[in-house]
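Structural overview for review
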Amino acid sequence: MSTIRYLCILVPFLLGVFPSLTQAGPILSGVLTPSSVPHTATVAPTTLIVDNDPLPPPAISPNTVTIVKGFIAAPPPPPFLDVFFSVAITGGITEYLVTEIVTNSTGVPWDSYHMILGFGEGAGFTKSIPGDTLDFDVPDGPFPPFFSDVFGTATLLDEDEILWSSGIVPAGGTLTFVFPLDAFDGGFTLREFPVASVSVPEPGTCLLLITGLLGLLGFRFLPTKPDRKGSSEASLTVPA
Ligand SMILES: [Ca+2]
Ligand SMILES: [Ca+2]
């Protein structure tokens, strides 16, 4: 077998087995799609190494995406912001470390937050599927773990969806997320939406309600005293 024929067989085989060996597609731009709720946003990608998992773990990718945005419309129904990333088509994957700064201008607090990777936007959005090379750096990472300065828990529901919880973003508050993702060659969408917190009475409020209820019950079942005429009607007692 000639050397050229041998290479023609070997190179495609290696590229299929080791996708990170392929020249990866860098993110060219990121824009908020028109169907998103009212918002403010800037998206700034920086690509230094066009490769998936460019450095051995636990090193993080030097490629970055910075997103600064704010939700203005109030949920529910859940509003969403779709950021569409245009990616050069080069037959590979590029890993990025994303830093997001999100402002809650919806007027209500949030108690959780969703991030979903997929394709299309608005009603035409479809979630990415397992194994299609678009993911939150799964299964190779993430290195380091996902981070938020407000939400204490990041649950990876699958390779394409993160649920942030264990924290409250007050109305008017701002929070930061840091997470990795493997960009899909050709383009992809990052959909995000917050979930408004359900108002729960404060412990002090509950105690006040219980005390008031017990007071009423005590008043209702006060022992009766016969009056001078032998009547068993209760005297109207107003607690001091
Ligand atoms: Ca990766
Ligand atoms: Ca996927």
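A quick note: this is a predicted structure, and the numbers were derived from the prediction, not measured.

Across its full length, the chain holds two helices and twelve strands. Walking the chain from its N terminus toward its C terminus, one meets helices and strands in the order α-β-β-β-β-β-β-β-β-β-β-β-β-α. With 240 residues in all, the chain has 30% of them scored as buried.

Attention shifts here to unusual backbone geometry. Unusually for a residue other than glycine, Asp-137 sits at a positive phi of about 55 degrees. The topology assignment puts Asp-137 in the loop between strand 7 (126-127) and strand 8 (147-148).

By size, the foremost hydrophobic cluster in this structure holds 38 residues, and its most contacted members are Phe-85 and Ala-183. Within the residue set of this core, elements represented by two or more residues are strand 3 (64-71), strand 4 (81-87), strand 5 (94-104), strand 6 (110-119), strand 10 (161-165), strand 11 (174-183) and strand 12 (187-196). Beyond its immediate sequence surroundings of up to four residues, Ala-183 is in contact with Gly-25, Ile-27, Phe-85, Val-87, Ile-93, Thr-94, Tyr-96 and Phe-188.

Turning our eyes to something else, we now look at the confidence of the model for the chain. Counting all residues, the mean pLDDT for the chain is 73, and 62% of those residues have values of 70 or more. This stretch, residues 204-217, has a pLDDT under 50; its non-local contacts, to residues over four places away or in other chains, come to two contacts. This stretch, residues 219-240, has a pLDDT under 50; its non-local contacts, to residues over four places away or in other chains, come to ten contacts.

Conventions used here
Residues numbered from 1 in each chain as written. Chains lettered and ligands numbered in written order. Predicted model: local features only at pLDDT ≥ 70, side-chain atom pairs only at ≥ 80, totals over all residues. Helix = DSSP H or I, 4+ residues; strand = E, 2+ residues; numbered from the N terminus. Buried ≥ 20, exposed ≤ 12 C-beta atoms within 10 Å, placed from the backbone. Core = buried A, V, L, I, M, F, W, Y, C linked by C-beta atoms within 7 Å. Contact = placed C-beta atoms within 7 Å. pLDDT = per-residue confidence, 0-100.

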